[in-house]
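What follows is each chain in one-letter form.
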Amino acid sequence: MIQISNLTKVFNKGTINEKIAIDHLHLTINDSDFICIIGANGSGKSTLLNCLSGAMICEEGNIVMNGKNITLNSQDRRAHEIGYLFQDPMAGTAPHMSVEENLAMAFKNGSWLSRIKEKDRAFFKEKLKELDMGLEDKLKMEVGVLSGGMRQALTLVMNTLKKPSLLLLDEHTAALDPQSADKVLQLTKKTVEEKDLTCLMVTHNMQTALDLGNRLIMMHEGRIILDLNKEEKEKMSVEDLVRLFKKHAEKDLNNDRMLLL
Ligand SMILES: Nc1ncnc2c1ncn2[C@@H]1O[C@H](COP(=O)(O)OP(=O)(O)OP(=O)(O)O)[C@@H](O)[C@H]1O
Ligand SMILES: [Mg+2]
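Just so it is clear, the model here is predicted, and its values are computed rather than measured.

For the structure shown, the criterion picks out 12 salt bridges. Glu234 is the salt-bridge partner of Lys230, the closest N and O atoms lying 3.6 Å from each other. Here Lys230 pairs with Glu234, and both are found in helix H8 (residues 230–234), just 4 residues apart, close to one helical turn. A residue is classified by how much of its surface remains accessible, and Lys230, at 40% relative accessible area, is partly exposed. One connected set of salt bridges, linked through shared partners, spans Glu100, Glu118, Arg121 and Lys140.

Spelled out as structure tokens, the structure:
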């Protein structure tokens, strides 16, 4: 279980550009929760994920994960417990290393330099085969030459080889073509379900937010303004969500990244 209490993140504090990106936010994430997060541009979704991963340290509040207060822990210290996929498919892998070297690096938490053992190679092959993208035959290939969809699928495998306590996905399919995006989304669903992961997924696609996961959160100006459970979510349509969204965010109506699919 992850308990976030009173979390506050302010950028450029005390200057004319001061921005409260996360505003005294409270959230309890239960084990096996798969939460989709929606909200307008600038509502604080990425900042929330950054505070959870340790990429940003918050000014106020606490993050307690499985009974441990991790609020001030560095990103490095949290990395073995928290997986993170970004929008940019190039961000999660090392382009000049091979597929198997990237996997070994993730599997061994950085100490991959010793020769990759046959046992590990067989394990990697098995995991890649599950993706059904032919990556199991590309173990020696440099990751930089793979398509964005393949790289994002590989990043997903790297982040879940060892079960993380929390998986963070920040619009991780937004930069992919529709077919690749759909493939990576299906792989995400399968991985989260099969491994029984606890996951936060940011998306601008409201239909995806309704279809996936057991909870849906809407953010606005650094706060959570809607938190729906599975039953409540099932009764919702995209139109209902848009109506709720409009109620809270009149000024963000021209948000062209909010895809109404
Ligand atoms: N490093 C930073 N320095 C200053 N301001 C920042 C920084 N990162 C984010 N912000 C500001 O904090 C607010 C929240 O940004 P954030 O990136 O979390 O929004 P978001 O909900 O992820 O938006 P999007 O849908 O565009 O990805 C915005 O006003 C943004 O401009
Ligand atoms: Mg963002």
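Anyway, onward from the coordinates.
Let us now look at helix H3 (residues 99–107). Residues of H3 that are buried: Val99, Glu100, Asn102, Leu103, Ala104 and Phe107. Buried residues along H3 sit against helix H4 (118–129) and helix H5 (148–160).

Right, let's get into the confidence of the model for the protein chain. For the protein chain, mean pLDDT is 90; residues scoring 70 or higher make up 93% of the total. Across the protein chain, element-level confidence peaks in strand E8 (residues 199–202) with a mean pLDDT of 98 and bottoms out in helix H9 (residues 238–248) with 86. With pLDDT under 50 throughout, residues 256–261 is counted as low confidence; its partners more than four residues away or in other chains account for 14 contacts.

With 13 residues, H5 extends 18 Å between its outermost C-alpha atoms, agreeing within 8% with the 18 Å of an ideal straight helix rising 1.5 Å per residue. In terms of burial, H5 is largely enclosed, as 12 of its 13 residues are buried. Elements in contact with the buried residues of H5: strand E6 (82–85), H3, H4, strand E7 (166–170) and helix H6 (178–195).

Near ligand 1 there are 15 residues, and of these Gly42, Lys45, Ser46, Thr47 and His204 occur at the shortest range. For ligand 1, an oxygen atom lies 2.7 Å from a polar atom in the side chain of Lys45. Within the side chain of Ser46, a nitrogen or oxygen atom sits 2.8 Å from an oxygen atom of ligand 1. Compared with its free state, where it exposes 640 Å², ligand 1 has 65% of that area covered by protein. At the level of elements, strand E2 (19–29) and helix H1 (45–53) are the ones that each hand at least two residues to the shell around ligand 1. By residue number, the principal contributor to the shell around ligand 1 is H1, which donates 3 residues. In the shell around ligand 1, the residues fall into 3 nonpolar, 8 polar and 4 charged.

Another point: the sheet that holds strand E5 (residues 68–69). Note: strands within a sheet are paired through backbone hydrogen bonds, in either parallel or antiparallel orientation. Taken in spatial order, the 4 strands make up an open sheet running E2-E1-E4-E5, and their pairing is antiparallel. Of all strands in the sheet, those bounded by a partner on one side alone are E2 and E5. Pairing of strand E1 (residues 2–11) with strand E4 (residues 60–65), which is carried by 5 bridges, proceeds in the antiparallel orientation. Residue Thr8 lies in a different strand from E4, and its bridge partner there is Glu60. Where H1 meets the sheet, it contacts E1, E2 and E4, and its direction lies at approximately 115 degrees from that of E1.

This next bit is on the domain arrangement of the protein chain. Here the protein chain is partitioned into domain 1 (1–81 + 164–261) and domain 2 (89–161). The gap between the C-alpha centroids of domain 1 and domain 2 is 26 Å. Counting residues at the interface gives 15 residues for domain 1, matched by 14 residues for domain 2. Where domain 1 abuts domain 2, roughly 1100 Å² becomes buried across the two surfaces, and 68% of that area is made up of carbon and sulfur atoms. Together, Lys183, Leu187 and Lys195 form the three largest contributors to the area buried by domain 1 at its contact with domain 2, with a combined 34%. The interface formed by domain 1 and domain 2 holds 0 salt bridges in total. Across the domain 1-domain 2 interface, the total number found is 4 residue pairs in polar contact (both at pLDDT 80 or more). A total of 8 residues in the side of domain 1 that touches domain 2 trace back to one element, the largest contributor, which is H6.

About the thresholds
- Residues numbered from 1 in each chain as written.
- Chains lettered and ligands numbered in written order.
- Predicted model: local features only at pLDDT ≥ 70, side-chain atom pairs only at ≥ 80, totals over all residues.
- Heavy atoms only, no water.
- Salt bridge = Lys/Arg side-chain N within 4 Å of Asp/Glu carboxyl O.
- Helix = DSSP H or I, 4+ residues; strand = E, 2+ residues; numbered from the N terminus.
- Buried < 20%, exposed > 50% of the residue type's maximum accessible area, 1.4 Å probe, protein only.
- Contact = heavy atoms within 4.5 Å.
- pLDDT = per-residue confidence, 0-100.
- Expected span 1.5 Å × (residues − 1).
- Near = heavy atom within 4 Å.
- Polar contact = N/O pair within 3.5 Å; in protein donor to acceptor, adjacent residues only side chain to side chain.
- Areas by Shrake-Rupley, 256 points an atom, 1.4 Å probe, with all protein chains shown as cover.
- Nonpolar A, V, L, I, M, F, W, Y, C, P; charged D, E, K, R; others polar.
- Pairing = 2+ DSSP bridges.
- Axes fitted to C-alpha atoms, helices over the stretch in contact; angles between N-to-C directions.
- Domains from an automatic or database assignment.
- Buried area = accessible area lost by both parts, 1.4 Å probe.

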